[in-house]
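# Descriptive analysis of the structure
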Amino acid sequence: MTFIARSDDLRRENQRRILAALRAESPLSRTELTAATGLSASTVTAITSALLVADYLVEAPRKDSGNGGDAGLLGRRGRPQVALALNPGAASIGALTLTLNRLSAALVDYSGSVILEVVEKVDTLALAREEFGRRFVALLKRALDEAGSSAGPLRHIALTVQGVSDAKGTRIHWSPILTHRDLQIDDDLRDAFGTSVS
């Protein structure tokens, strides 16, 4: 069977490959991105230009190649290569974790670095059903307030809980650290922050 890729699907996949390469190692020049992704130079240029305009990428200082800094550049001809990196301020993700007697909210920037984490000690076995969502909302708001301008706009919330959850990871069917079953937490978070939750 032959699959036909739509151009927007292909562009999205190529963009994903470029972003994955930059998450693995950053900064990289467009030439290095071409080698890392296997995409053509024109495709890399078109996609990185669009990502720069959208503020998802930034021009970054070149890493020291270990050959004496600028001395290694003197032997090169042509226009100097521009290094590209993920823009940490482009977006942030709230990573929420529920473990025995502990709630935590970490903010992660677009480049994958943890901005900060706030923790609250609670008795998870005694906490009322409706309190879980409220506590997570308050904790994530506190993290966003403490991060201030160092956090980009909140684009997604990821929830991690010990136990058995539904496929989306937003309804906790059972957990050894809770007395409640079928606990739904994502509604409070989605209402408070207006973003996706998984």
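What comes next concerns the included structure. (Residues numbered from 1 in each chain as written. Predicted model: local features only at pLDDT ≥ 70, side-chain atom pairs only at ≥ 80, totals over all residues. Heavy atoms only, no water.)

## Concerning the overall build of the protein
Going by this rule: Helix and strand labels come from DSSP, where a helix needs a run of H or I of at least four residues and a strand needs a run of E of at least two; each type is numbered from the N terminus. When checking whether two residues touch, look at their non-hydrogen atoms; a contact exists if any pair is within 4.5 Å. Per-residue accessibility takes into account occlusion by the displayed protein chains alone, with areas from the Shrake-Rupley method and a 1.4 Å probe.
A count of helices and strands for the protein gives six helices and eleven strands. Long-range pairs, those at least 24 residues apart, make up 58% of the contacts in the protein between residues at least 6 apart in sequence. Approximately 11,300 Å² of the protein is accessible, and the part contributed by carbon and sulfur atoms is 53%.

## Some words on the nonpolar core
The line we're drawing: To define a nonpolar core, start from buried Ala, Val, Leu, Ile, Met, Phe, Trp, Tyr and Cys residues and group those joined through side-chain atoms within 4.5 Å. Burial status follows relative accessibility: with a 1.4 Å probe on protein chains alone, a residue under 20% of its type maximum counts as buried, one over 50% as exposed, and anything between as partly exposed.
Counting residues in hydrophobic clusters, the biggest one holds 28 residues, and the most contacted among them are Leu96, Leu98, Phe136, Leu140, Ile157, Ile185 and Leu189. Elements represented by at least two residues in this core include exactly strand 4 (92–99), strand 5 (102–109), strand 6 (114–121), helix 5 (131–147), strand 7 (154–161) and helix 6 (186–193). Here this core gets seven residues from one element, more than from any other, and that element is helix 5. One finds Leu22, Leu51, Leu84 and Leu86 within the second-largest nonpolar core, a separate group that totals 16 residues.

## Here we look at the pattern of salt bridges
Here is the rule: The term salt bridge refers to a pairing of a side-chain nitrogen on Lys or Arg with a carboxyl oxygen on Asp or Glu at a separation within 4 Å.
All told, the structure shown has eleven salt bridges when counted by the stated rule. The salt bridge involving glutamate 120 is made with arginine 135; its shortest N-O contact spans 2.7 Å. With a gap of 15 residues between them, glutamate 120 in strand 6 and arginine 135 in helix 5 connect regions that are remote in the sequence. Between aspartate 187 and arginine 190 there is a salt bridge, with its nearest N and O atoms 3.4 Å apart. Linking aspartate 187 with arginine 190, this pair stays in helix 6, spanning three residues, or about one helical turn. By relative accessible area, which is 41% here, aspartate 187 ends up partly exposed. Linked through salt bridges whose partners overlap, the residues forming this network are Arg6, Asp8, Asp9 and Arg12.

## Observations regarding the side chain of threonine 195
Counting through the fold element by element, threonine 195 comes out in the loop between helix 6 and strand 11 (196–197). By relative accessible area, which is 9% here, threonine 195 ends up buried. Those residues in contact with threonine 195 that lie beyond four places of it in its chain are Leu154, Arg155, His156, Ile157 and Arg190.

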